[in-house]
Amino acid sequence: MTQPATMLSKTPTADAALRARAARVVPGGMWGHLNAARLPEGYPQFFASAEGCRIRDVDGREYIDFMCSWGPVLLGHRHPQVEAAAQAQAARGDCFNGPGEVMVDLAEDFVAMVPHADWAMFQKNGGDATTACVTIARAGTGRRKVLVARGAYHGALPWCSPVVAGITSEDRAHLVHFDYNDVASLQAAAAEAGNDLAAVLVTAFRHDMGRDLELPTAEFAKAARAICDAAGAALIIDEVRAGLRLDLRGSWEALGVRPDLAAWSKAIANGYALAAVTGNDRFREAATKVFVTGSFWCGTVAMAAARATLRIARETDVPGHIHAMGLRLREGLAALANRHGIAVRQSGPPQMPLMLFEADPEVRKGRAFCSAALRHGAFFHPQHNMFLSAAHGPADIDEALQAAEQGFRAVRELDARAAR
Ligand SMILES: *Cc1c(COP(=O)(O)O)cnc(C)c1O
């Protein structure tokens, strides 16, 4: 069979060549949310380098980055002070027979920064931290049931993976579901758990893929706290995605609600692999009893990077800066959408924004927008919340808005074609 001329004449890109090689030696070419089938058309799968708010793919194309490695990059890629701290530690060694001094320093930093925290423990991935929180809550209460919001993401382990292939119903036997921000459904779930309620596990805000983002209402947060207090259960906040971007003290601090346990990861070491559980004294003994560990959990380099990240986040008001940059992006997108007569919905905290198109159930407009913006140098996402970093300045946002302008044009063409 001969190939169509267009395919023959097309020079294979470095990205396409890597995808072809990966397809032979990596199942599906790539796993999970990074599988090529989930990327908008034209999106690169492989990256070569990054600096500040710019990323470069393996074909040398550069983009203003609004995904920040899907959350981990808070201060900008390769932040000089974080890199210096990591390199200084790396020069002494990363992986020993046990932790270094830096683990105690970092636990002290967390206890000083996060009001609910009397102690901290460290892991590698967000899923390690959410799982440890659930284990500690069950150990501390001697109960089994954990209330989780329908559609919420807490990691890709069998008890919480969004995809059921390879998972048994027994893995999730003791989860009871409620709807985020719906006090009545939370109370109903608590009633169903009865005197077997170990914990309420809830993300810092509602950031389910493909739907409008929602901040927690004060009423909902207070109800979650009251249910846990009445039952002697643990309130666990999953800060893995939102942590350090909304409020350095914890995302619910401004609502006046403190958790018993919180799971952190993603941004805490500005791109280095690290997760943390913080907890209060009520759960200190339970955290001592459970057996949690990992071969790489003591790595000193990521902890040194985290200490630098926390210090810079404190000294330079990172949440405030990325809030301002996120607002500038949101207002710019709203003005462009308006000028093109295209209806969009923007939601979420400005630091972690999402833009969805009205009447776009298959995300065709969203994908067309992103593909066109990408060709003009901005890396957006059509369905997942995006991320701002401290390295985004006003000029970067304005440059990205010029790429967004091309995105809106592409959506207009799509609409025009659909109308013909
Ligand atoms: C990403 C994420 C996790 C899982 O973190 P991993 O590092 O991927 O294991 C858990 N909870 C939330 C809210 C997340 O965004």
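Right above here is the structure, for reference.
Just so it is clear, the structure is predicted and the values come from calculations on it, not from any experiment.

So, how was this worked out
- Here, residues in each chain are numbered from 1, in the same order as that chain's written sequence.
- Local features in this predicted model are restricted to residues whose pLDDT is 70 or higher, and side-chain atom pairs enter the listing and the counts only when it is 80 or higher, whereas totals over whole chains, interfaces and linings include all residues.
- The basis for every side-chain value is the complete set of heavy atoms in the structure, and neither hydrogens nor water enter the calculation.
- Only DSSP runs of H or I reaching four residues or more are called helices, and only runs of E reaching two or more are called strands; each is numbered from the N terminus.
- Restricting the calculation to C-alpha atoms gives the radius of gyration, and the globule rule supplies 2.2 Å times the number of residues raised to the power 0.38.
- Accessibility here uses a 1.4 Å probe with only protein chains present; expressed as a share of the type maximum, an area under 20% marks a residue as buried, one over 50% as exposed, and anything in between as partly exposed.
- By definition in these notes, contact holds between two residues if any of their heavy atoms fall within 4.5 Å.
- Areas reported here follow the Shrake-Rupley algorithm with a probe of radius 1.4 Å; residue values treat only the protein chains shown as occluding.
- Counting rule for charge: Lys and Arg are taken as positive, Asp and Glu as negative, and neither His nor the chain ends is counted.
- Think of each charge as sitting on NZ of Lys, CZ of Arg, CG of Asp or CD of Glu.
- Only strands that DSSP links by at least two bridges are regarded as paired with each other.
- Take the number of residues in a helix, subtract one, and multiply by 1.5 Å to get its expected span.
- If a single non-hydrogen atom of a residue is within 4 Å of a molecule or strand, that residue counts as near it.
- Polar contacts, as counted here, are pairs of nitrogen or oxygen atoms within 3.5 Å of one another; within protein the pair requires one atom able to donate a hydrogen and one able to accept it, and residues that are adjacent in sequence qualify only if both atoms are side-chain atoms.
- Put simply, Ala, Val, Leu, Ile, Met, Phe, Trp, Tyr, Cys and Pro go in the nonpolar bin, Asp, Glu, Lys and Arg in the charged bin, and everything else, Gly too, in the polar bin.
- For helices, the fitted axis covers only the stretch in contact; all axes are lines through C-alpha atoms, and the angles between them, taken along N-to-C directions, range from 0 to 180 degrees.
- Aromatic pairing here means that ring centres of Phe, Tyr or Trp (its six-membered ring) are within 6.5 Å. Orientation follows from the plane angle: under 30 degrees is stacked, over 60 is edge-to-face, and everything else is tilted.

Counting its regular elements, the chain contains 12 helices and 13 strands. Taken over C-alpha atoms, the radius of gyration comes to 22 Å for the chain, in line with the 22 Å a tight globule of 420 residues would show. With respect to the principal axes defined by its C-alpha atoms, the chain has extents near 65 × 55 × 50 Å. Every one of the 420 residues in the chain was classed for burial, and the buried ones make up 53%. In the chain, the proportion of contacts linking residues at least 24 apart, taken out of those at least 6 apart, comes to 75%. Element-wise, carbon and sulfur atoms account for 54% of the exposed surface of the chain, whose accessible area totals about 19100 Å². The positive charge centre, built from 44 side chains, and the negative charge centre, built from 45, are 4 Å apart in the chain.

So, about the sheet that holds strand β3 (residues 62–65). Across the sheet, which stays open at both edges, the 4 strands sit in the order β1-β2-β3-β13 with mixed pairing between neighbours. Sheet topology places β1 (47–51) and β13 (378–379) at the edges, where each strand pairs with a single neighbour. As paired elements, β1 and strand β2 (residues 54–57) share 4 bridges and run antiparallel to each other. Within the sheet, the bridge partner assigned to S49 lies in β2 and is R56.

Our focus in this paragraph is helix α5 (residues 126–141). Here α5 is 16 residues long and its end C-alpha atoms lie 23 Å apart, about the 22 Å a rise of 1.5 Å per residue gives. Within α5, burial applies to G126, G127, A129, T130, A132, C133, V134, I136, A137 and T141. G142 sits one or two residues past α5 and shows a positive phi near 70°.

In the neighbourhood of the ligand, the contacting residues comprise N125, G126, G127, Y153, H154, G155, H207, D238, V240, R241 and K266. Contacts to the ligand include D238, whose side-chain N or O atom sits 2.7 Å from a nitrogen atom. Between the ligand and R241, the relevant distance is 2.8 Å, taken from an oxygen atom to a side-chain nitrogen or oxygen of the residue. Computed on the free molecule, the ligand has an accessible area of 380 Å², of which 85% lies beneath the protein chains in the complex. When its residues are assigned to classes, the shell around the ligand shows 2 nonpolar, 6 polar and 3 charged.

This part takes up the side chain of T300. Relative to the assigned elements, T300 resides in helix α9 (residues 300–315). Setting aside anything within four residues of it in sequence, one finds T300 in contact with Q89, G93, D94, F96, G100 and V102.

Here we come to the sheet that holds strand β5 (residues 145–149). Taken together, the 7 strands give an open sheet; going across it, the order is β4-β10-β9-β8-β7-β5-β6, and neighbouring strands pair in mixed fashion. Only two strands of the sheet have a single partner each, and these edge strands are β4 (119–123) and β6 (175–178). Strand after strand, the sheet turns through a mean of 20° between neighbouring axes, direction not considered. In this sheet, strand β10 (residues 275–279) lies alongside β4 in antiparallel orientation, the contact comprising 5 bridges. The partner of M121 across the bridge, within β10, is V277.

Inspection of the secondary structure puts A359 in the loop between β12 (354–357) and α11 (364–375). For the pair formed by A359 and A337, sequence separation is 22 residues and the distance between their alpha carbons is 14 Å.

Another aspect to go through is the packing of aromatic side chains. In the structure shown here, the tally under the stated rule is 13 aromatic pairs. With a centroid separation of 5.6 Å and an interplanar angle of 55°, the aromatic rings of F357 and F369 are classed as tilted. Of this pair, F357 sits in strand β12 while F369 is found in helix α11, placing the two residues 12 residues apart along the sequence. Overall, F357 belongs to the buried group, its relative accessible area being 6%. Aromatic ring contacts, followed pair by pair, group F66, F357, F369, F380 and F408 into a single cluster.

Turning our attention to unusual backbone geometry. Of note, S69 is a non-glycine position whose phi angle comes to about 65°, a positive value. Within the secondary structure layout, S69 lies in the loop between β3 and α3 (80–90). A positive phi is found at W70, a non-glycine position, where the angle reads about 65°. Checked against the element boundaries, W70 lands in the loop between β3 and α3.

In terms of burial, β5 is largely enclosed, as 5 of its 5 residues are buried. Every second residue of β5 is oriented toward a common face, with K145, L147 and A149 on one face and V146 and V148 on the other, all of them buried. As paired elements, β5 and strand β7 (residues 197–203) share 4 bridges and run parallel to each other. Within the sheet, the bridge partner assigned to K145 lies in β7 and is L197.

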